[in-house]
Amino acid sequence: MNLFYKLLILFALSSFWGHAQDFWEQVELLQYTPRYFGPNAFLLPELRNGQTGTRWEAELRGEYHYYTGDQTKDLYARLFVPIANGRAGLELSGVIIEDYRLSQETQEERHAFDNHPFVTCLGDLIISSFYQILQNEQWCDIMASVNLKTASGGRLCDARFTDAVTYWFDLTAGRTVCQSADHSVSLRLQGMAGFYCWMTNDLAHRQNDAFLYGVGISGTCRSLSLNVDYAGFQGYENNGDRPQAIRTKLNIEYRKNILSLRYRHGLKDNLYDTYSVAYIRCF
């Protein structure tokens, strides 16, 4: 019996070792670019209106990302805290939980270890700070932001989150081009430019640097607001690192409660169409 148990243990250990080797071989083949990772691995920063904001905001958002080889659902949370009467701000955000299903073709293309999660998949924590540089109604408002994505996300082996630090800096300018006397109706233009950088597993190029950009227009009519923008970033390696998106967002506010509906159409290296519904509570 002792010999039998020893052989059984030896067989289990050899199976585990072989499984672990396959696991790390797959991880080494991953390509750290938006095209070959899940929809939440490389955040495309939101185009803001050039103003930091003066209200606390707590948001909970459900998202569905569709691509022929990958259907992903997730729950996203965000907390924004204004500082110094809106001259600065701090924001914590990220995907709380993600569920996905990959086709066999997409699994092989991305070198993913599995095509669906067998454990809960957690996302990355993103820490953002905002600074109001200029606030001028006649000219424009200019805001700077500094952002850090931590390596807290899971399922690197399935190409869901990178398990590597990402950071970006940007300047956003916004100007109101027309507005009613009571400020209840307005039209505003905004633009963004910045630097986006993430770590990779390529020994020759340990990080990828990208130019971040965006332009958009927003309109408000009493409790309704509609934003439309085009944004993306362009990495220097051109290996699936140039995602773009056209995004629309409709917000309906009632007594500091906001229902937010979003649609994002991915372009180039952004393969997904995203639909989302969010509830935002302002304080």
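Quick summary incoming for the structure in this document. These numbers were taken from a predicted model, which means no experiment stands behind them. (Residues numbered from 1 in each chain as written. Predicted model: local features only at pLDDT ≥ 70, side-chain atom pairs only at ≥ 80, totals over all residues. Heavy atoms only, no water.)

1. Examining the overall build of the protein
The helix and strand tally for the protein stands at two helices and 12 strands. Reading the secondary structure of the protein in the N-to-C direction produces α-β-β-β-α-β-β-β-β-β-β-β-β-β. With the C-alpha coordinates of the protein rotated into their principal frame, the extents come out at 90 × 40 × 35 Å. Here the protein, with 283 residues, has 44% of them falling under the buried criterion. Relative to all contacts within the protein whose residues are 6 or more apart in sequence, the contacts with residues 24 or more apart total 57%. Taken as two groups, the 26 positive and 31 negative side-chain charges of the protein have centres that lie 8 Å from each other. (Helix = DSSP H or I, 4+ residues; strand = E, 2+ residues; numbered from the N terminus. Buried < 20%, exposed > 50% of the residue type's maximum accessible area, 1.4 Å probe, protein only. Contact = heavy atoms within 4.5 Å. Lys, Arg positive; Asp, Glu negative; His and termini not counted. Charge placed at Lys NZ, Arg CZ, Asp CG, Glu CD.)

2. Description of the packing of aromatic side chains
Any pair of aromatic rings gets described here by the distance separating the centres and the angle formed by the planes. Summed over all chains, the structure comprises 14 aromatic pairs. The interplanar angle of 90 degrees and the centroid separation of 5.9 Å between the aromatic rings of F37 and F42 together place this pair among those described as edge-to-face. Comparing F37 with F42, the two get one shared label, buried. Feature note: the residues Y32, F37, F42, W168, Y196, W198 and F233 constitute an aromatic cluster, connected by ring pairs. Across from the ring centre of Y100, 4.0 Å away, lies the NZ or CZ of R160, which sits over that ring. (Phe/Tyr/Trp six-rings, centres within 6.5 Å; stacked < 30°, edge-to-face > 60°. Lys NZ or Arg CZ within 6 Å of the ring centre and 35° of its normal.)

3. Considering the pairing of strand β8 (residues 207-221)
With 15 bridges joining them, strand β7 (residues 185-199) and β8 adopt antiparallel strand pairing. Residue pairing in the sheet places F195 in a bridge with F211 of β8. Inspection of the sheet shows β8 paired to strand β9 (residues 224-235) by 12 bridges, in the antiparallel sense. By the bridge assignment, S218 is partnered in β9 with N227. Between the end of β8 and the start of β9, which pair antiparallel, lie two residues, with R222 showing a positive phi angle near 55 degrees. (Pairing = 2+ DSSP bridges.)

4. Notes on the pairing of strand β2 (residues 70-83)
As defined by bridge partners, strand β1 (residues 57-67) adjoins β2 across 11 bridges and the pair is classed as antiparallel. Within β2, the residue paired with H65 across the bridge is T72. Taken together, β1 and the strand that follows it, β2, pair antiparallel across an intervening segment of two residues. For β2 and strand β3 (residues 88-102), the ladder comprises 14 bridges, and the chain directions are antiparallel. By the bridge assignment for β3, P82 is matched with G89. Taken together, β2 and the strand that follows it, β3, pair antiparallel across an intervening segment of four residues, in which A84 is found at a positive phi of about 55 degrees.

5. Section: a nonpolar patch on the surface
A cluster of nonpolar side chains, namely W56, L79, I83, L90, L92, L125, I127, L148, V165 and F283, defines an oily patch on the protein surface of about 820 Å² accessible area. Counting residues per element, the ones that place at least two in the nonpolar patch are β2, β3 and β4 (125-135). Here L125 falls in the partly exposed class, since its relative accessible area comes to 38%. (Patch = residues over 30% accessible without salt bridge, like charges linked within 9 Å, V, L, I, M, F, W, Y side chains within 5 Å. Areas by Shrake-Rupley, 256 points an atom, 1.4 Å probe, with all protein chains shown as cover. Salt bridge = Lys/Arg side-chain N within 4 Å of Asp/Glu carboxyl O.)

6. Structural notes on the sheet that holds β3
What links the strands of a sheet is backbone hydrogen bonding, and the strands pair in either a parallel or an antiparallel sense. Spatially, β1-β2-β3-β4-β5-β6-β7-β8-β9-β10-β11-β12 is the arrangement adopted by the 12 strands of the closed barrel, whose pairing is antiparallel. Shown here is a sheet whose adjacent strand axes are inclined to one another by a mean of 20 degrees, direction ignored. (Axes fitted to C-alpha atoms, helices over the stretch in contact; angles between N-to-C directions.)

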